[in-house]
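Residue-level structure breakdown
Spelled out, the chains give:
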Amino acid sequence: MLLAVLFFNLEGNILVERFHGVPAEERLHWRTFLVKLGSDNLKGAKNEELFVASHKSVYIVYSVLGDVCIYVVGKDEYDELALAEVIFVITSCVKDVCGKPPTERLFLDKYGKICLCLDEIVWKGILENTDKDRIRRLIRLKPPADI
Amino acid sequence: MAQPFVKKDDDRDDEAEYSPFIGIEKGAVLQEARVFHDPQLDPRRCSQVITKLLYLLNQGETFTKVEATEVFFAVTKLFQSRDIGLRRMVYLMIKELSPSADEVIIVTSSLMKDMNSKTDMYRANAIRVLCRITDGTLLTQIERYLKQAIVDKNPVVASAALVSGIHLLQTNPEIVKRWSNEVQEAVQSRAALVQFHALALLHQIRQNDRLAVSKLVTSLTRGSVRSPLAQCLLIRYTSQVIRESGLNTQTGDRPFYDYLEGCLRHKAEMVIFEAARAITELSGVTSRELTPAITVLQLFLSSSKPVLRFAAIRTLNKVAMTHPMAVTNCNIDMESLISDQNRSIATLAITTLLKTGNESSVDRLMKQITNFMSDIADEFKIVVVEAIRSLCLKFPLKYRTLINFLSNILREEGGFEYKKAIVDSIVILIRDIPDAKESGLFHLCEFIEDCEFTYLSTQILHFLGNEGPKTSDPSKYIRYIYNRVILENATVRASAVSTLAKFGAMVDSLKPRIFVLLRRCLFDSDDEVRDRATLYLNTLGGGDGSINGNKEVKDFLFGSLDVPLVNLEMSLKNYEPSEEPFDIDSVPREVKSQPLAEKKAPGKKPTGLGAPPSGPTSTIDAYEKMLSSIPEFSSFGKLFKSSAPVELTEAETEYAVNVVKHIYDGHVVFQYNCTNTIPEQLLENVTVIVDASEAEEFSEVTSKPLRSLPYDSPGQTFVAFEKPVGVPAIGKFSNMLKFIVKEVDPSTGEAEEDGVEDEYQLEDLDVVAADYMLKVGVSNFRNTWESMGPDCERVDEYGLGVRESLAEAVGAVIDILGMQPCEGTEVVPSNSRSHTCLLSGVFIGNVKVLVRLSFGIDGPKQVAMKLAVRSEDQTVSDAIHEIIASG
C-alpha cells in the first residue's frame, strides 16, 4: 500500500497531502515526522537526489525538486525500490507540467494540473500509471498515444 | 507615472512569494462554488474554483456534512458542460468529496452514461469514480460493464477496471471473485501495466487457494512477464509457493529456485533486488543458494543510487542475523558505507558489521563507531546500542570494551529513549555476564550522579538494590545512593531510601551504618521519603518497633506484589477514602486481557519509537505472576520455563489460537491464547479439549475455561497435566477448541440469548526435550567447563547420516537440545569439514549443563558427531545423551 504522498515547501508547509489508509489521528504525526526528516537531511540536496529511510515496516523515499520537497511513504509491496519508481513518475510529471523544477509559486499556479497527475499516478494507495507522456494525455482526457 | 503593464511571468522571482491561494478561506471558496449553478457555465472559472477546493482538501481542511453535500450537488451540475478539462476536474472532485450513499444516486446516471461512452477516457474515469462511490447494489448493476472493461483494448480502461477490482475486493469480494476469467485474460495482456494490475488482482482473488496460486506461478514463470513491477509481484508469489511446498525430496532441489536465480540477471534493478531478497529469505537457505544473491547485493552496495544502497544493506542486515558468515565477503564494502551521507544506510552498515565481525575485529569496529555516533540522531543510536548489546552477549569475553563504550555514550548528550536503551542494555549485560557485574554497576552509579531523568534514576536504584548487596564490596555503592537522598527530587529520594534498606537487609555488616543514614531521612521534607524511612527502620529493627524475622523482611523488600499492577491501579482508583483502610487482598488477581502477547499495530506512526524491549527475564516473571494468581496452579511450585508461543492456527482464520507451554517440575500447563476475529460472534465457555493418547506419561489434572471471548479481545484458557517429577517426558497432544457461539448484532453490539455449541480443530502440539532446558549462557565456557570437572561427564559418538551441510546439522542438534550456543560457535564457516560447537543451559531441576559438540563431514555428506556432556548430576548428563540418541 502507498500510504501517503506529500508535498511541502522549503519551510515545511504543506502544499499537497494525500493519505491512503492512514487514520486521521495519525496524520499529524506523519506531517511532523516527515518535516523533521526533511529538515535533518535535505539541506543542500541536489534536485531529484533521492533520500530513503525506513521505520519498522514502513518505507519513505523523498526528494527535492526546485522549491518543493516530495515525500512518498509505503509499506509491504511498496518498498524503497517501488517508491523510488513512484517518486520518479511524480517528479517527471511535475517537471512536465511546470516546464522545469518549480518555484513554490509556479507549483501553486499549476496546482490543478498537478492534482490531476497525482490522481492518475496513485489511486487509493495503488500505483496506476508510470509514464509521464501518457499521464500528460490522460489529464486532458486523451487516450494514450500508443494505441 | 503609470507602471508599464507587466506580462504575467511564472519565472519572475519577485512574484514567487505571492501564492495564488494567498488568504484563501473556506467560506469564501464555498460561496464561489455557486458559479457551478450558472446557466451559462464558464469552464475556466469553474476549474479555478475546483482547484481552490482541491487545495483546501489537500491541506487537510475538512468540509462539514452540509458543506460537502452542497458542493457535491453543485459539482454534478458541471456534467452539462462539454469542456474536457473541466470534466476531468469534475471526476477528481467527486472522488475527493466521497458523497454518501443517498447522494450518489444524483450522479449515477451521468456516470453510467460516461461509462458507456464512445470516448475511452470518459469510460476509464467514470469506472474509477463509480467504483469509488458505489455500494453493493449498484455494483451488481454495473458488473457487466466492468467485466467488459477488464478486457478492453484500451489499457487505461482495463487498468481502471482492474484497480477498481482490487479496491472492491475488500468490500464486495463475492462479486469481484466472479471476474476471474476476465482477469485471467488480462494477465496475458501485452500492456505492461494491465498485466501488473491483473496479476495483483488475480492473486488476491485466489490467495486462499494454494493450488491455484501454485498453478498461476508455474505458468507465469515459464512465460514472459513484461512489466518489471509485475515481475516483482511474481517473485513474491513464487516465494510464497516455495515456502508452502518445501524441498523436492528426490533431488533435494528447491522448486522455482532456478527461476529466482534467473531473475538475478534481469535488466531491471527492481527485479534483481526482489529476486535477491526472495532468495535470502528462503527457509533453510544453503550457502550455495545464497552466494549469487549476496553477490548482486554486494554490487548494489557501491551503487550511486542511495535507494539501491539502502535496499541492499537492509537485506544484508537481515541475512547477517541468520547467516553472518555469508555476508563477511561484503565487509569491506560495508565499512565504506559507515561514512555514507544517508544516516539510515550508515546505521544499517554498522549494525550489520557488528553481526558479521569476529571477536578480533570488535575493537577496530568500536573505534569506527565512536566517531560515527556523534553525528547521528537518537533513533539511529538506539539501533546501534541494541546491536552492541547482542554483540556483547555473543562475545562475552569482549564485555570490557563494549561496556566501556556503552558507559562512554551514556555520559554524552542524548534524549530519554536513547539513555533508556543504554541503561537497559547495561542491565541485561550485567544479568547475563556475571563478570561484567561490578564494572557495569559502577558505570550505572556514575551515571546517576548526573542523570536528568527521574525514571532512569529510580530504575537504576531499584536494580542496584537487588544486585549491589551480592557483590564483593557492597559498601562502595552506598555513597552514590546516599548522594541521591541529598541531591535529588522526592521520587528519586524515596527510591534511594528503599535501596538503602535493601543493602541493610542483605549485608549485616552495613546494617548499623544504614540505620544512621535512614534516620537522617526521617527529617526529609517529603512525606513519602519520611514514611519509607520510618517503615524500613522498623522492619529492619533499627527503630523502636519490634524486630521481624529475617525471611519476612527480605520477602517484604524483595518480593513481588502478587497482584497484577493494572488491577491494583484500578482498585486504588475505585477506593473511596474512609475509615476502612484499603485492603490489598480485595484486589482481583485474575488477569483480564492478554498482557503478554504483543498486539500488532500495522501502519503505526513512525515517530513514536515505542518502549525498548524489556529484559529477557520480564516475560517469564509476568507469566509466573499470572499463573501463581490462578488457584488451580498455585500448588505446582516454581515455574521452570515458559516456551515462546506456538501457533495452532494458520494466519487469517476465524479463530486465532497460539499456545505457551509452561513447564513445572511435576506439571505442564498449556496456556491457549485465543482471539476471535469474527465481529458478528461472541464465544462463551471456551475450552480446549486435549487428547493426550500419544503422550503416555501425561495425565490431565485440570482445565480452566474462558468464560467469554468477544471479537478482537484476546483471552486465555488453560489445561494442566501431571507428569513424573523431574523427568523430561515428551509427547504429542491433539487439540480441539470447544465453545458456545452466539450471534452478535453488529449495529448494537448485543449478543443473542441462545448460542450453539461448536468445535474448531487446532493443530497438534508437541512437548519436546528442549522444553525442559533453559537457554542460559556462560561468559567463559572453558573456565566453567574446567571448574565443572569430569565427575559427571559422559562422552559418546553418533552418526547423523547424510545431511545437507555441516551448518544444517549443527543447527538441528542445537534445536533438539534447546541450549544456548556460546562464543558464537553456532556459526559454521562455509566449506569447513569439521566444527566444534559449545552449548550451555540449565536442565529441569535447576541442573547446570555444558555441552561440547564436535562435528565432522565427509565427501558424501555423512556427518559424525562427538557429544561430550558435563553437568552437576550424572543422570542429567545421561538424559542429554538419551535426547540425542532418540532424536
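Residues numbered from 1 in each chain as written. Chains lettered and ligands numbered in written order. Predicted model: local features only at pLDDT ≥ 70, side-chain atom pairs only at ≥ 80, totals over all residues. Heavy atoms only, no water.

So, on to the overall build of chain A. When helices and strands are tallied, chain A shows five helices and seven strands. Moving toward the C terminus, one meets the helices and strands of chain A in the order β-β-α-β-β-β-α-α-α-β-β-α. Buried positions account for 62% of the 147 residues belonging to chain A. Per element, the accessible surface of chain A, about 5300 Å² overall, is 50% carbon and sulfur. (Helix = DSSP H or I, 4+ residues; strand = E, 2+ residues; numbered from the N terminus. Buried < 20%, exposed > 50% of the residue type's maximum accessible area, 1.4 Å probe, protein only. Areas by Shrake-Rupley, 256 points an atom, 1.4 Å probe, with all protein chains shown as cover.)

According to the stated counting rule, one finds 27 aromatic pairs over all chains in the structure shown. On the basis of an interplanar angle of 90° and a centroid distance of 5.1 Å, the ring pair of tyrosine 655 of chain B and tyrosine 760 of chain B is categorised as edge-to-face. Of this pair, tyrosine 655 of chain B sits in strand β3 (residues 655-663) while tyrosine 760 of chain B sits in strand β10 (residues 756-761), and the two are 105 residues apart along the sequence. Judged by its relative accessible area of 6%, tyrosine 655 of chain B falls in the buried class. Judged by relative accessible area, tyrosine 760 of chain B falls into the buried class, the value being 16%. One aromatic cluster in this structure is built from Phe7, Phe107 and Tyr111 of chain A together with Phe21 and Tyr55 of chain B. Between the NZ or CZ atom of arginine 144 of chain B and the centre of the ring of tyrosine 145 of chain B, over which it lies, the distance is 4.7 Å. (Phe/Tyr/Trp six-rings, centres within 6.5 Å; stacked < 30°, edge-to-face > 60°. Lys NZ or Arg CZ within 6 Å of the ring centre and 35° of its normal.)

Further remarks concern the interface of chain A and chain B. With 56 residues of chain A at the interface, the matching set in chain B holds 65 residues. Buried area between chain A and chain B, both sides added, is near 5500 Å², and the carbon and sulfur share of it is 62%. Together, Arg105, Trp123 and Leu141 of chain A form the three largest contributors to the area buried by chain A at its contact with chain B, with a combined 16%. At the boundary of chain A with chain B, the tally comes to 10 salt bridges. As a salt-bridge pair, aspartate 79 of chain A and arginine 277 of chain B come within 2.3 Å of each other at their nearest N and O atoms. At the surface where chain A touches chain B, the tally comes to 18 residue pairs in polar contact (both at pLDDT 80 or more). (Contact = heavy atoms within 4.5 Å. Buried area = accessible area lost by both parts, 1.4 Å probe. Salt bridge = Lys/Arg side-chain N within 4 Å of Asp/Glu carboxyl O. Polar contact = N/O pair within 3.5 Å; in protein donor to acceptor, adjacent residues only side chain to side chain.)

This part takes up the pattern of salt bridges. Side chains that differ in charge, positive against negative, can pair when their charged atoms come close. The tally for this structure, following the rule as stated, stands at 52 salt bridges over all chains. Lysine 52 of chain B is paired through a salt bridge with glutamate 32 of chain B; the nearest N and O atoms lie 3.2 Å apart. Highlighted residues: lysine 52 of chain B in helix α3 (residues 43-58) and glutamate 32 of chain B in helix α2 (residues 26-32), separated in sequence by 20 residues. Connected via shared salt-bridge partners are Asp119, Glu120 and Glu128 of chain A together with Arg88, Lys95 and Arg128 of chain B.

With that settled, consider the packing of helix α14 (residues 228-245) of chain B against helix α16 (residues 269-280) of chain B. Residues and elements named next belong to chain B. Packing of α14 against α16 leaves a shortest axis separation of 9 Å and a crossing angle of 10°. With respect to each other, α14 and α16 are oriented roughly parallel. Contact residues: Pro228, Leu229, Gln231, Cys232, Ile235, Arg236 and Ser239 in α14; Met270, Val271, Glu274, Ala275, Arg277 and Ala278 in α16. Taken together, the residues of the contact of α14 with α16 break down into eight nonpolar, two polar and three charged. (Axes fitted to C-alpha atoms, helices over the stretch in contact; angles between N-to-C directions. Parallel < 35°, antiparallel > 145°, perpendicular 65-115°, else oblique. Nonpolar A, V, L, I, M, F, W, Y, C, P; charged D, E, K, R; others polar.)

We now examine the pairing of strand β9 (residues 731-743) of chain B. Residue and element names in this part refer to chain B. With 10 bridges connecting them, strand β5 (residues 681-694) and β9 associate as antiparallel partners. Residue pairing for β9: threonine 687 is matched across the bridge by lysine 738. Bridge count for β9 against strand β11 (residues 765-767) is three bridges, and the pairing is antiparallel. Paired with glycine 731 across the two strands is valine 767, which belongs to β11. Sheet topology places β9 next to β10; six bridges connect them, and they run antiparallel. Paired with leucine 737 across the strands is tyrosine 760, a residue of β10. (Pairing = 2+ DSSP bridges.)

In this section: the sheet that holds strand β4 (residues 58-65) of chain A. Residues and elements named next belong to chain A. Read from one edge to the other, the open sheet built from five strands follows the order β2-β1-β5-β4-β3, with strand pairing classed as antiparallel. Of all strands in the sheet, those with a lone pairing partner are β2 (14-19) and β3 (51-55), marking the two edges. Mean inter-strand twist for the sheet, computed between neighbouring axes without regard to direction, equals 15°. Pairing between strand β1 (residues 2-9) and strand β5 (residues 68-75): seven bridges, direction antiparallel. The residue of β5 that forms the bridge with valine 5 is valine 72. Most of the contacts of helix α1 (residues 24-41) go to β4, to which it runs at about 55°, and overall it touches β1, β2, β3, β4 and β5.

Before going further, it helps to examine the side chain of glutamate 488 of chain B. All names here are of chain B. With respect to the secondary-structure elements, glutamate 488 resides in the loop between α28 (475-487) and α29 (490-506). Looking at glutamate 488, its side chain comes within polar contact range of the side chain of arginine 484, at 2.9 Å. With sequence-adjacent residues up to four places away left out, glutamate 488 is seen in contact with Ile448 and Arg493.

All names here are of chain B. Pairing of strand β15 (residues 834-843) with strand β16 (residues 847-857) involves 10 bridges; the strand directions are antiparallel. Paired with valine 842 across the two strands is lysine 848, which belongs to β16. Counting the residues that bridge the hairpin from β15 to β16 gives three residues, and of these glycine 845 lies at a positive phi of roughly 95°. In the sheet, β16 pairs with strand β17 (residues 862-871) via nine bridges, with the strands oriented antiparallel.

Moving on, we get to the confidence of the model for chain A. Summarising the model, chain A shows a mean pLDDT of 91, and 99% of its residues fall at 70 or more. Summarising per-element confidence for chain A, the mean pLDDT is lowest in β3 of chain A (86) and highest in β5 of chain A (95). (pLDDT = per-residue confidence, 0-100.)

All told, the structure shown has zero disulfides over all chains when counted by the stated rule. Residue cysteine 98 of chain A stays outside any disulfide, its sulfur separated by 9.0 Å from that of cysteine 117 of chain A, the closest cysteine. (Disulfide = S-S within 2.5 Å.)

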